[in-house]
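Structural characterization, general
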Amino acid sequence: METISFFDGRKIPLERHKVRIVQKLNLLPVEERLVRIKEASNNLYLLRNKDIFLDMLSDSGVNAMSDRQQAAMMQADDAYAGSESFFRLERTVRDIFGMDHFLPAHQGRGCEKVIADLLVKPGDIVPMNYHFTTSKAHIVRCGGEVVELLLPEGLVCQSNNPFKGDLDTKALAKLLEKYKGRVPFVRVEAGTNLIGGQPFSFDNLKETSAICRKHDVPLVMDASLLQDNLYFLKMRDEECKDLSIREIMRAVCDQCDIIYFSARKLGFARGGGICMRESELVDPLKELIVLNEGFLTYGGMSVREIEAIAVGLEETMDLSVISQGPEFIAYMVAELEKRGVPVVTPAGGLGCHLDASRFVPHIPQEQYPAAALAVATYIAGGIRGMERGTLSESRDADGNETLAEMELLRLAMPRRVFTMSQIDYAIDRVTWLYENRDLIGGLCFEHEPKILRFFLGKLAPLSDWQEKLTEKFSRDLSNSL
Ligand SMILES: *Cc1c(COP(=O)(O)O)cnc(C)c1O
């Protein structure tokens, strides 16, 4: 085992890399942070990056690259067709995933679009452990319906279940029986994003796969967050603990028929692609890639990114590389828990998730508690998180709010980007905010877009709570920004 313990017993994640390129950050005074968030209409997507100290919005396209990735990008082979860079990536994918075909796409949602276009027709049902925003949007766009079969534990915020991403296989077997001919594929998501980066277990994947094969329905894996899931299989799953990451990867891939991923996450770069075995689906999918993404040897990606993905996927097979994200997240979750701050447990991949329903229980869901907490976290620390609650849902056909099953503020941990003291700072500011949580109030829409309203919506506070929070911060931390 490759873990490193401190002699004095402390549990501190140790960076297994050194930092050789840096970017200067700005930390604005709290009064200026208040001005900036008002200018951004209380929507963190509308902030400018220069006004943010720790950008914990997402892990997408913002992970640190290695020296070997940067070097590979310098010798990329630019060509509309037949680029050597593509063949290098294809070879790597074959070797690591054990699948013969690799179809490139510009990012994860490009893969989702072509898969849905080919396979989903009106009236179809797509079962899955849990939805992701873009995955669901494409299935629904093609007239399909998403049915979530997550085991109930998956939605319990505080839990010690190590595999909250597991799918209810009994329910899946029943569903495939009942809707024979209406299920074009089953989707499993690795490192289940919207429930807090939670993994599936190997046994659960095997059972899911066996049921799919019995019913002759393809199993499609969304592998965007697979690197975290691989780490958790190694650390938490009896069946995998003696296998190398490469062996676990192969065992996981062997259970699936089609695997797609966002290389903005898996592979530490930007781009995406679909891996598949020989089947009658390969040729029609290739045609859709050419139509929507680009020629088969670039798929909308720059050749430099293609080189970076090839190296990044190789590096993903190294436990000391992929352990960095989950170890930092586990540290942050444990420290916040110690201080009584409500967080999603066990710690997952992707980021640390604050449970807004317990952080600010006085704010009703109709006043977007997780979004209010996101705004307050920016005021308290110049930290940008992402709301994953009712604001991220859309209204139903009658215009009523769809209340989210979980009200979370995700503080994403871009991989190998932040240092320990920056994480300690985030823990400190969140703890201050928790001590002052009664000052946080709700939000309402001033301008509400019809589609994906969280991206471009404009919001306003329901009272002068932001001024009061800023004043309290200035009093409590009078010598600090
Ligand atoms: C990010 C993500 C996607 C979409 O990928 P993009 O590259 O952002 O288009 C799909 N599924 C999951 C689970 C993701 O995390």
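Below, the structure is looked at part by part. (Residues numbered from 1 in each chain as written. Predicted model: local features only at pLDDT ≥ 70, side-chain atom pairs only at ≥ 80, totals over all residues. Heavy atoms only, no water.)

Reading across the sheet, the three strands line up as S9-S12-S11 and stay open at both edges, with antiparallel pairing between neighbours. The open sheet has two free edges, formed respectively by strand S9 (351-355) and strand S11 (386-388), since each of these has just one partner strand. Along the sheet, successive strands turn relative to each other by an average axial angle of 30°, direction set aside. Judged from the three bridges that link them, S11 and strand S12 (residues 408-412) form a sheet pairing that is antiparallel. (Pairing = 2+ DSSP bridges. Helix = DSSP H or I, 4+ residues; strand = E, 2+ residues; numbered from the N terminus. Axes fitted to C-alpha atoms, helices over the stretch in contact; angles between N-to-C directions.)

Let's shift gears to a nonpolar patch on the surface. On the surface, a cluster of nonpolar side chains totalling about 480 Å² of accessible area is made up of Leu-46, Ile-451, Leu-452, Phe-455 and Leu-456. Tracing the backbone through its elements, the reader meets Leu-46 in the loop between helix H1 (30-39) and strand S1 (54-55). (Patch = residues over 30% accessible without salt bridge, like charges linked within 9 Å, V, L, I, M, F, W, Y side chains within 5 Å. Areas by Shrake-Rupley, 256 points an atom, 1.4 Å probe, with all protein chains shown as cover. Salt bridge = Lys/Arg side-chain N within 4 Å of Asp/Glu carboxyl O.)

Met-332, Leu-354, Phe-359 and Ile-440 are the most contacted members of the largest nonpolar core, which has 60 residues in total. Ranked by residue count, the leading element in this core is helix H15 (residues 369-381), at ten residues. Not counting chain neighbours up to four residues away, the residues in contact with Phe-359 comprise Val-341, Pro-342, Leu-354, Leu-373, Val-430, Leu-433, Tyr-434, Arg-437 and Ile-440. Grouped together as the second largest cluster of nonpolar side chains are 59 residues, Met-65, Ile-96, Leu-167 and Cys-275 included. (Core = buried A, V, L, I, M, F, W, Y, C linked by side-chain atoms within 4.5 Å. Buried < 20%, exposed > 50% of the residue type's maximum accessible area, 1.4 Å probe, protein only. Contact = heavy atoms within 4.5 Å.)

What follows concerns the pattern of salt bridges. Taken as a whole and assessed by the stated rule, the structure comprises 36 salt bridges. In this structure, Glu-32 and Arg-36 form a salt bridge, with 3.5 Å as the shortest nitrogen-oxygen distance. One end of the pair is Glu-32 and the other is Arg-36, both in helix H1 and four residues apart, which spans about a single turn. In this structure, Lys-38 and Glu-467 form a salt bridge, with 3.3 Å as the shortest nitrogen-oxygen distance.

In total, this model carries 14 aromatic pairs according to the counting rule given. Centroid distance Phe-97 to Phe-261: 5.7 Å. Interplanar angle 20°. Geometry classified as stacked. Of the two residues, Phe-97 sits in helix H3 (residues 84-97) while Phe-261 sits in strand S7 (residues 258-262), which places them 164 residues apart along the sequence. The exposure classification of Phe-97 matches that of Phe-261, with both residues buried. (Phe/Tyr/Trp six-rings, centres within 6.5 Å; stacked < 30°, edge-to-face > 60°.)

Moving on, we come to the side chain of Ser-85. Among the structural elements, Ser-85 can be located in helix H3. Setting aside residues up to four positions removed in sequence, Ser-85 forms contacts with Ala-76, Asp-77, Val-303, Ile-306 and Glu-307.

Here we come to the site of the ligand. Lining the immediate environment of the ligand, one finds 14 residues, of which Gln-107, Arg-109, Asp-222, Ser-262 and Lys-265 sit closest. Here Gly-108 contributes a backbone N or O atom positioned 2.9 Å from an oxygen atom of the ligand. Between the ligand and the protein, one listed contact pairs an oxygen atom with a side-chain N or O atom of Asn-193 at 2.9 Å. The fraction of the free accessible surface of the ligand (380 Å²) that becomes covered by protein chains is 98%. When its residues are assigned to classes, the shell around the ligand shows two nonpolar, six polar and six charged. (Near = heavy atom within 4 Å. Polar contact = N/O pair within 3.5 Å; in protein donor to acceptor, adjacent residues only side chain to side chain. Nonpolar A, V, L, I, M, F, W, Y, C, P; charged D, E, K, R; others polar.)

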